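# What the coordinates show
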Amino acid sequence: MPRRMGRPGLLGTMARTAVITGTAGAVSNRVQERADRRYAQQTSGGPQQYTDPAPVQPPPAPGAGPSAPDRVSQLTALADLKNQGLLTEEEFAAEKAKIINS
């Protein structure tokens with residue numbers, strides 16, 4: 001059966017959506033943890049001892065890896081989070097490096 005050219009089929013679209021959702025979920029959880037930690041520090045009157053848990057990695061997408069349009073959409077979503085002030089410059093750079101190097 002010849003390989004289909006052009007737009008991805010249903011499975012390709014589902015895989016891309018899963019990758020984007022996983023990345024957004026991981027970033028969202030990280031942002032929520034930071035907000036909770038800041039709130040706890042403000043209400044307790046000082047910094048608390050906090051050990052950062054290991055970052056949660058989204059499951060790998062089936063196939064060889066994300067294609068260029070997936071990376072572009074992930075980077076766009078990441079830039080939006082940074083522009084909204086939900087990510088620091090360091091977190092943005094770290095997540096961007098993960099997307100680019102994947």
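In this section: the overall build of the protein. Helix and strand content of the protein: 3 helices and 0 strands. Reading the secondary structure of the protein in the N-to-C direction produces α-α-α. Taken across its 102 residues, the protein has 14% of its residues classed as buried. Considering only contacts in the protein between residues 6 or more positions apart, those separated by 24 or more positions represent 60%.

Tallied over the entire structure, the rule returns 0 aromatic pairs. Over the ring of Phe92 we find Lys82, and its NZ or CZ is 5.4 Å from the ring centre.

This part is about the nonpolar core. In this structure, Val27, Val31, Leu78, Leu87, Phe92 and Ile99 together form the largest nonpolar core, which totals 6 residues. Elements with a contribution of two residues or more to this core: α1 (10-44) and α3 (89-101). Those residues in contact with Ile99, other than ones at most four positions away along the chain, are Arg71, Gln74, Leu75 and Leu78.

Attention shifts here to the confidence of the model for the protein. Averaged over all residues, the pLDDT of the protein equals 77, while 68% of them reach at least 70. When mean pLDDT is compared element by element in the protein, α3 scores highest at 87, while α1 scores lowest at 83.

Looking now at the pattern of salt bridges. This model, assessed by the stated rule, comprises 5 salt bridges. Residue Arg16 is joined to Asp70 by a salt bridge in which the shortest nitrogen-to-oxygen separation is 3.5 Å. You can see Arg16 sitting in helix α1 and its partner Asp70 sitting in helix α2 (residues 68-83), a full 54 residues away along the chain. Each of Arg30, Arg34 and Glu91 takes part in a single network of salt bridges with overlapping partners.

Let's shift gears to a nonpolar patch on the surface. Residues Leu10, Leu11 and Met14 make up a contiguous nonpolar surface patch of roughly 380 Å² in combined accessible area. Position of Met14 among the secondary structure elements: in helix α1.

Right, let's get into the environment of Arg71. Of note, Arg71 is situated in helix α2. With relative accessibility at 27%, the residue Arg71 sits in the partly exposed group. Counting along the chain gives 28 residues from Arg71 to Ile99, while the straight-line C-alpha distance between them is 6.4 Å.

Each value, and the rule that gives it
Residues numbered from 1 in each chain as written. Predicted model: local features only at pLDDT ≥ 70, side-chain atom pairs only at ≥ 80, totals over all residues. Heavy atoms only, no water. Helix = DSSP H or I, 4+ residues; strand = E, 2+ residues; numbered from the N terminus. Buried < 20%, exposed > 50% of the residue type's maximum accessible area, 1.4 Å probe, protein only. Contact = heavy atoms within 4.5 Å. Phe/Tyr/Trp six-rings, centres within 6.5 Å; stacked < 30°, edge-to-face > 60°. Lys NZ or Arg CZ within 6 Å of the ring centre and 35° of its normal. Core = buried A, V, L, I, M, F, W, Y, C linked by side-chain atoms within 4.5 Å. pLDDT = per-residue confidence, 0-100. Salt bridge = Lys/Arg side-chain N within 4 Å of Asp/Glu carboxyl O. Patch = residues over 30% accessible without salt bridge, like charges linked within 9 Å, V, L, I, M, F, W, Y side chains within 5 Å. Areas by Shrake-Rupley, 256 points an atom, 1.4 Å probe, with all protein chains shown as cover.

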